[in-house]
Amino acid sequence: MNAALDSRSRTATSRPASERPVLALPPRPSRLGQTVATAVVGLVLLVSAATLDVEWSDLRELPAAVAEYAALMFADPDWSRLPRALFEMWRSISMAWLGAMLCVVVSIPLGMLAAHGVGPAWLRLALRGLFAVIRAVPEVIIALVLLTVTGLTPFTGALALGIAGIGTQGKWTYETVETLRDGAADAVRAAGGGRTALVRWALWPAALPALLSFALYRFEINIRMSAVLGIVGAGGIGSMLANYTNYREWDTVGMLLIVVVVTTMAVDSVSGALRRRIMEGA
Amino acid sequence: MTHDTQAAEAGHAPASAAWPIRLDGVSVTYPNGTTALRDVSLDIDAGEMVSIVGLSGSGKSTLIRTINGLVPVTAGTVTVGPHTVSGLHGRRLREVRGHVGMIFQGFNLATRVDVYRNTLVGRFARAGRLRTLLGVTSARDREVALTALDTVGMLDKVWSRAAALSGGQQQRVAIARALSQEPSIMLADEPVASLDPPTAHAVMSELERINAERHLTVLVNLHLMDLARQYTRRMIGLRDGELVYDGPAAEATEADFEQIYGRRIRPQDRLGDRT
């Protein structure tokens, strides 16, 4: 195909102008990779559907079931336990915030050291390995392990969120630092500055808005995660939700869900607005 | 001040005495195989103001960066004052860099930080680790930094963020940052290439004045012929990494410049006179 195009364009230049000129089209890049990727994704989808024993007929009953439980929960939510729910929600938010702070305070220095051009190679590899391992362990597992040490308290939840977040937060930190095309770092080096001066006076001020924004984002993620951690007993709104689901008190569960959704959306929008402000000011 | 006089009397050079620069058979080949400098030898006296002229890609940025060791030499030796830069590493290389101020085409300020702390970077680069981390300054640090800002006429902007300044103002702050190192040599890598003509003249005058008043050795990369003629006495021409001219800047003829550029003179090779 390409050979044919080539030979035609070659002869076109040597032939009289009466012939229609052939555009010298460069050979089209191969799309083999894309085709293979599409095929693989399709295959994975088919295999996973086949191995999961999906009863497709169940799907038909799903809307009716959803409607039934929605009616149980939201037709007449029980607001009598609202004060307690708000208190537990507040504990969840505190847990999320404490966890986010813990995570950020640990992951920023470690992430900085894991960036190219900051830490030595052995430390960089070790830290990246640590982040990867932490990322591979779900929050719930970390919480279950911590429960045996610190007991059934929201502090366990905060600790679990703090540790679990370090993996992603550390990765974000070193990736941010590495994408800084910052002349200020050159200037600090030229002035004789070592690693400390480089990090403190060139990288830190340039990365600060992005890191602050990530910290807020971690808080948003933690609010959602704290509800999940409550289910394994770490306290907060999650525990209350798990308990009333077990008691099958659907009207209370409905009220709790409303509290969770409204609070999460409110926190998300405030935090999101703050993050936009930070990045615009950058 | 009295300390400096005492040091001078005792036979030691004061902290900011100008240093000579010597390049001996310097070649630089980058890891990707590009040879940027070929066997360049140069002698620059303490207190001289010298321009390095050449097209982009001629090796002038590389040359200036060998002097503070930002670019390691492949062959030859670079000597500044009492130190041989080539072959130095780590702490001792940083020590020498502390005596060599540098300004850049892109100013290279921390744009989100105020002018004051940008200037202090020149002090922190050589301060102890903990003081650097916490940003603790001594009275002398503050005095040197503020004096440097005053020298370049930027004292009134001391609390502005660097990003809020114009290009010319940013370059002045960058000069103040370099001055706050109390350097013995000032390197300038295309310091006016991002500036409009009047601002370019103002910044060049600033460098000229620093050379005259502080008696610093000043080495400035330029690609415009009239700036080299106007502000420097001695000019070095580079073409394809080779030294093709070394002589008085004012007397350099059009033919000399055509030889440096390796082509005819074009209108864009001149900036235009001071307004």
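Note that the coordinates shown come from a computational prediction; the quantities given were computed from them, not determined experimentally. (Residues numbered from 1 in each chain as written. Chains lettered and ligands numbered in written order. Predicted model: local features only at pLDDT ≥ 70, side-chain atom pairs only at ≥ 80, totals over all residues. Heavy atoms only, no water.)

A. Representation of the sheet that holds strand β6 (residues 100-103) of chain B in the model. Residue and element names in this part refer to chain B. Within the open sheet, the 6 strands sit side by side as β6-β7-β8-β3-β9-β10. Their pairing is mixed. A strand with exactly one partner marks an edge of an open sheet, and here the two such strands are β6 and β10 (242-248). Put simply, the sheet's adjacent strands are angled 15 degrees from each other on average, direction ignored. As paired elements, β6 and strand β7 (residues 185-188) share 4 bridges and run parallel to each other. Bridge pairing in β7 places valine 100 opposite isoleucine 185. Where helix α2 (residues 60-67) meets the sheet, its contacts fall on β3 (49-53), β6, β7, β8 (217-222) and β9 (234-239), and the angle it forms with β8 comes to roughly 155 degrees. (Pairing = 2+ DSSP bridges. Helix = DSSP H or I, 4+ residues; strand = E, 2+ residues; numbered from the N terminus. Axes fitted to C-alpha atoms, helices over the stretch in contact; angles between N-to-C directions. Contact = heavy atoms within 4.5 Å.)

B. Representation of the packing of aromatic side chains within the structure. Residues and elements named next belong to chain A. Applying the stated criterion across every chain yields a total of 8 aromatic pairs over all chains. Of the aromatic side chains, those joined through ring pairs into one cluster are Trp172, Phe214 and Tyr217. Here arginine 128 stacks its cationic end above the ring of tyrosine 174, 3.9 Å away from the centre of that ring. In this arrangement the basic side chain of arginine 200 is found over the ring face of tryptophan 201, its NZ or CZ atom lying 4.1 Å from the centre. (Phe/Tyr/Trp six-rings, centres within 6.5 Å; stacked < 30°, edge-to-face > 60°. Lys NZ or Arg CZ within 6 Å of the ring centre and 35° of its normal.)

C. Spotlight on the packing of helix α4 (residues 82-113) of chain A against helix α9 (residues 195-234) of chain A. Residue and element names in this part refer to chain A. Closest axis-to-axis distance for the α4/α9 pair is 7 Å, and the angle between their directions is 140 degrees. When the interaxial angle is binned, α4 and α9 end up oblique. In this structure, α4 meets α9 at a crossing whose hand is right-handed. Contacts between α4 and α9 involve Ser92, Ile93, Met95, Ala96, Trp97, Gly99, Ala100, Cys103, Val104, Ile108 and Met112 from the first element and Val199, Trp204, Leu211, Ala215, Arg218, Phe219, Asn222, Ile223, Ser226 and Ala234 from the second. Class assignment of the residues belonging to the contact of α4 with α9 gives a composition of 16 nonpolar, 4 polar and 1 charged. (Parallel < 35°, antiparallel > 145°, perpendicular 65-115°, else oblique. Left-handed = near helix turned anticlockwise from the far one by under 90°. Nonpolar A, V, L, I, M, F, W, Y, C, P; charged D, E, K, R; others polar.)

D. Up close: the interface of chain B and chain A. Facing the 24 residues of chain B at the interface are 20 residues of chain A. The contact between chain B and chain A buries some 1900 Å² in all, and 64% of this surface belongs to carbon and sulfur atoms. The interface formed by chain B and chain A holds 0 salt bridges in total. Where chain B packs against chain A, one counts 6 residue pairs in polar contact (both at pLDDT 80 or more). Elements that contribute at least two residues to the side of chain B that touches chain A include exactly α3 (90-97), β6, α4 (115-124) and α5 (129-134) of chain B. When its residues are assigned to classes, the side of chain B that touches chain A shows 11 nonpolar, 6 polar and 7 charged. (Buried area = accessible area lost by both parts, 1.4 Å probe. Salt bridge = Lys/Arg side-chain N within 4 Å of Asp/Glu carboxyl O. Polar contact = N/O pair within 3.5 Å; in protein donor to acceptor, adjacent residues only side chain to side chain.)

E. Up close: α3(B). For α3(B), the complete set of buried residues consists of Leu93(B), Val96(B) and Arg97(B). The arc that holds the buried residues of α3(B), viewed along the axis, is 105 degrees, so those residues lie on one side. In α3(B), those exposed residues whose orientation departs by more than 90 degrees from the buried face are Arg91(B) and Arg92(B). Packed against the buried residues of α3(B) are α8 (183-190) of chain A together with β4 (75-80), β5 (83-84) and β6 of chain B. (Buried < 20%, exposed > 50% of the residue type's maximum accessible area, 1.4 Å probe, protein only. Arc of directions from axis to C-beta.)

F. Broad picture of the domain arrangement of chain A. One can read the domain layout of chain A as domain 1 (1-13 + 22-48) and domain 2 (84-281). Domain 1 of chain A and domain 2 of chain A are separated by 44 Å when their C-alpha centres are compared. (Domains from an automatic or database assignment.)

G. Summary view of the UniProt feature "transmembrane region" (unreviewed entry) in chain A. All names here are of chain A. Cross-referencing UniProt, the feature "transmembrane region" (unreviewed entry) maps to residues 96-119, 140-166, 226-247 and 253-274 in the present numbering. Taken as a whole, residues 140-166 contains 89% helix and 0% strand, while its terminal C-alpha atoms sit 15 Å from one another. Structurally, residues 253-274 comprises 100% helix and 0% strand, and the distance from its first C-alpha atom to its last is 31 Å. (UniProt positions renumbered as here; feature names shortened; annotations may be inferred.)

H. Just the sheet that holds strand β2 (residues 35-44) of chain B, in detail. All names here are of chain B. Taken together, the 4 strands give an open sheet; going across it, the order is β2-β1-β4-β5, and neighbouring strands pair in antiparallel fashion. Looking at strand neighbours, the two that pair on one side only are β2 and β5, the edges of this open sheet. Across 6 bridges, strand β1 (residues 21-29) lies against β2 in antiparallel orientation. Its bridge partner being in β2, threonine 29 is matched across the sheet by threonine 35.

I. Up close: a negative patch on the surface. Together, Asp53(A), Glu55(A), Asp58(A) and Glu61(A) give the surface a local cluster of negative charge. For Glu61(A), a relative accessible area of 53% puts it in the exposed group. (Patch = residues over 30% accessible without salt bridge, like charges linked within 9 Å, V, L, I, M, F, W, Y side chains within 5 Å. Areas by Shrake-Rupley, 256 points an atom, 1.4 Å probe, with all protein chains shown as cover. Lys, Arg positive; Asp, Glu negative; His and termini not counted. Charge placed at Lys NZ, Arg CZ, Asp CG, Glu CD.)

J. Fine view of the pattern of salt bridges. For the coordinates displayed, the defined rule picks out 22 salt bridges over all chains. The partner of Asp78(A) in a salt bridge is Arg81(A), with the nearest N and O atoms 3.4 Å apart. Residue Arg84(A) pairs with Glu88(A) through a salt bridge whose shortest N-O separation is 3.3 Å. Here Arg84(A) pairs with Glu88(A), and both are found in helix α4, just 4 residues apart, close to one helical turn. Using a relative accessible area of 41% as the deciding quantity, one classes Arg84(A) as partly exposed. On the accessibility criterion, Glu88(A) (6% relative accessible area) is buried. Ionic contacts of the salt-bridge type, sharing partners, join the residues Arg123(B), Arg131(B), Arg140(B), Asp141(B) and Glu182(B) into one network.

K. A look at the confidence of the model for chain B. All names here are of chain B. Taken over all residues, the pLDDT of chain B has a mean of 83, while the share at 70 or more is 93%. Low pLDDT, under 50, characterises residues 1-15; the stretch is placed with 6 contacts to residues that sit more than four places away or in other chains. This complex was scored by the predictor with a pTM of 0.74 and an ipTM of 0.83. (pLDDT = per-residue confidence, 0-100.)

L. Expanded view of the UniProt feature "domain: ABC transmembrane type-1" (unreviewed entry) in chain A. This chain's UniProt record puts "domain: ABC transmembrane type-1" (unreviewed entry) on residues 89-271 of chain A. In this annotation, residues 89-271 of chain A is assigned 87% helix and 0% strand; the end-to-end C-alpha distance for the span is 17 Å.

M. Up close: the UniProt feature "domain: ABC transporter" (unreviewed entry) in chain B. Per the UniProt record, "domain: ABC transporter" (unreviewed entry) is found at residues 21-265 of chain B. As a span, residues 21-265 of chain B carries 37% helix and 24% strand, and end to end its C-alpha atoms are 30 Å apart.

N. Representation of the pairing of β10(B). All names here are of chain B. Of the pairings in the sheet, the one linking β9 to β10 comprises 6 bridges and is antiparallel in character. When the sheet's bridge partners are listed, isoleucine 236 is paired in β10 with aspartate 246. Linking two consecutive strands that pair antiparallel, namely β9 and β10, is a turn of 2 residues; a positive phi of about 50 degrees is found at aspartate 240 within it.

O. Spatial organisation of the layout of surface pockets. Estimated volume of the largest pocket: approximately 770 Å³. Taken together, 28 residues line the largest pocket, and the ones lying closest to its centre are Gly194(A), Arg195(A), Thr196(A), Ala197(A) and Arg129(B). Elements supplying a minimum of two residues to the lining of the largest pocket: α4 and α9 of chain A together with α3 and α5 of chain B. (1 Å grid on protein atoms, 1.4 Å probe; cavity = no way out; pocket = protein on both sides within 12 Å on 5 of 7 lines; lining within 4 Å. Points joined across faces, edges and corners; volume = space filled by probe spheres on them.)

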